[in-house]
Amino acid sequence: MSSEDVIVYFTALVAIGIIVVGLLTSILHSMIIVPIVIIGIILSILVLLSRGNFPHKIENIEKVCFVITLIAIICSFILLYKPM
């Protein structure tokens, strides 16, 4: 098994762990964690489907996640500091 396949499987295991922990937290504590579960499911599907040029695909996913995080931070600041 090549080192790239090992990285894919370990990343998939981490994503599955995020999903399990997120589901447990959502069920037992609060529903605020549900977006993390959804993102974990999406990323685990993307990781399991990616073969071949794995580092390039992960960099693209990282860029998309960075933009989504930046937009979420901007929206949270707008909602936090909007005039009443």
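It should be noted that the structure appears before, not after, this text.
Since the structure is predicted, the reported quantities are computational estimates derived from the model, not experimental observations.

Caption draft 1: Structural detail: the environment of Ser-26. Checked against the element boundaries, Ser-26 lands in helix α1 (residues 3–28). Classification of Ser-26 by relative accessible area gives buried; the value is 7%. Each C-alpha atom, one on Ser-26 and one on Ile-36, is 9.7 Å from the other, the two residues being 10 residues apart in sequence.

Caption draft 2: Layout of helix α2 (residues 34–49). Taking 1.5 Å per residue as the helical rise, α2 with its 16 residues ought to reach 22 Å, and the 23 Å between its terminal C-alpha atoms agrees with that figure. All of the buried residues along α2 are Val-37, Gly-40, Ser-44 and Val-47. End-on, the buried residues of α2 take up no more than an arc of 95°, which puts them together on one face.

Rules used in this analysis
Residues numbered from 1 in each chain as written. Predicted model: local features only at pLDDT ≥ 70, side-chain atom pairs only at ≥ 80, totals over all residues. Heavy atoms only, no water. Helix = DSSP H or I, 4+ residues; strand = E, 2+ residues; numbered from the N terminus. Buried < 20%, exposed > 50% of the residue type's maximum accessible area, 1.4 Å probe, protein only. Expected span 1.5 Å × (residues − 1). Arc of directions from axis to C-beta.

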